[in-house]
Amino acid sequence: MKVGFIQMSIELLDIKKNVDNAIKLMEKNEASLIVLPELFNTGYNFKNKKEVLDVSENIPDGYTTKTLKDFTEDTNKTIVFGLSEKTEKGLYNSLAVVSKGEYIGKYRKIHLFFDEKNYFLPGDLGFKIFEVEGIKIGTIICFDWFFPESTRTLSLMGADILCHPANLVMPYCPEAMKTICLQNRVYSITSNRIGEERGLKFIGQSQIVGPDGKIIFRASEAKQESYEVEVDPLIARDKNLNPKNNIFNDRKPEFYKII
Ligand code: ACM
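What counts as what
Residues numbered from 1 in each chain as written. Predicted model: local features only at pLDDT ≥ 70, side-chain atom pairs only at ≥ 80, totals over all residues. Heavy atoms only, no water. Pairing = 2+ DSSP bridges. Helix = DSSP H or I, 4+ residues; strand = E, 2+ residues; numbered from the N terminus. Axes fitted to C-alpha atoms, helices over the stretch in contact; angles between N-to-C directions. Parallel < 35°, antiparallel > 145°, perpendicular 65-115°, else oblique. Left-handed = near helix turned anticlockwise from the far one by under 90°. Contact = heavy atoms within 4.5 Å. Nonpolar A, V, L, I, M, F, W, Y, C, P; charged D, E, K, R; others polar.

> Got a sec to walk through the sheet that holds strand 7 (residues 135–139)? Specific residues and values, please.
One open sheet holds the 6 strands; their spatial order is 6-7-8-9-12-13, and the pairing between them is mixed. Looking along the sheet, the strands with just one partner apiece sit at the ends: strand 6 (129–132) and strand 13 (215–218). Each adjacent strand pair in this sheet contributes to an overall mean axis angle of 20 degrees, direction not counted. Looking at chain direction, strand 8 (residues 161–165) and strand 9 (residues 187–191) are connected through 5 bridges and run parallel. Bridged to H164 within strand 9 is T190.

Structure below.
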C-alpha cells in the first residue's frame, strides 16, 4: 500500500486557496492514503472566536469535505485532513476521512493546545479507527500525541497506521513519534504545515515512521513537500518483539490502575 503526506504552506483564512493548493499537491501524489495538516484549509493562529467561526464548516456537507470527497471519486485515494467543524453545540478542531468518493467519518481533537481552548470544545467522539481496504487507520490531531494514552488506546483498538494531521510549533514531536511507534509497533504519518502565522512558526518535518521506530522519511523544515512510499501495514499486526515478548500480551493492566 502506498501512503503519503502533504506538507504545505497555508494562507490564513483563505479556504479556497488552501484547498486548491492541497489538491494540486495531491494530484502529483500516487499514495492511496494521504494525510494533510491540521486546519489545513483555514490556518491556525486565529485572533478571536468570530474569525474561527467564519471559516468553520459542517462535516460532511461543508465546502472542504465535499471538495475533497469529489476529488477522490474514481481514484483509489483516501484522504485524512484537519478542519474547523461547526456544530450546534460549538466548534471542534476536527479531522475528516474521505475515500473513493465517499465520506467515511470524523474525529474531534481531544487534547486542545493553548489558545485552541478559547475557540474549540474538546472532542467528544472518543478515539476512532477507520477501516479502509482492510487497513485500520487510527486518528489523532497534533497535540493529542503528547498523551501516550491516545496512541496506546488507538493501538489497542487495532490501529495499523496512526494518521496525524498537525500544526506543530514545539520541537519534540518528530523524535517522540519514533518511541510511540516502537512502543505500539504501529506506523505513523504526521503531516505538518510550514511557515509563520502572526509570529507563530511551524516546524515542518512531517514524517512517516515504521513499527520498528525507524523514520522512513522526514521532510524539510520549511519547504512544501508531497511524499509517498510503499509500506506493508500488516507488519503492524505482529506485536512480537522476540519469541518470548509480545508487547500487548505482556502488558499488566492490573498495575496501571492509576490511569
Ligand atoms: C497543536 O496541537 N496544534 C500544537
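> Residue-level account of the packing of helix 1 (residues 15–27) against helix 3 (residues 63–72), with values.
Helix packing geometry: the angle between the two helix axes and the distance between the axes. Close contact between helix 1 and helix 3 brings their axes to 11 Å; oriented N to C, the two are set at 20 degrees. The pairing of helix 1 with helix 3 is recorded here as roughly parallel in orientation. Of the two elements, helix 1 crosses helix 3, and the hand of that crossing is right-handed. On helix 3, the residues that touch I15, K16, V19, D20, I23, M26 and E27 of helix 1 are Y63, T64, T67, L68 and F71. Looking at the contact of helix 1 with helix 3, its residues break down into 7 nonpolar, 2 polar and 3 charged.

Keep in mind these values describe shape, not function.
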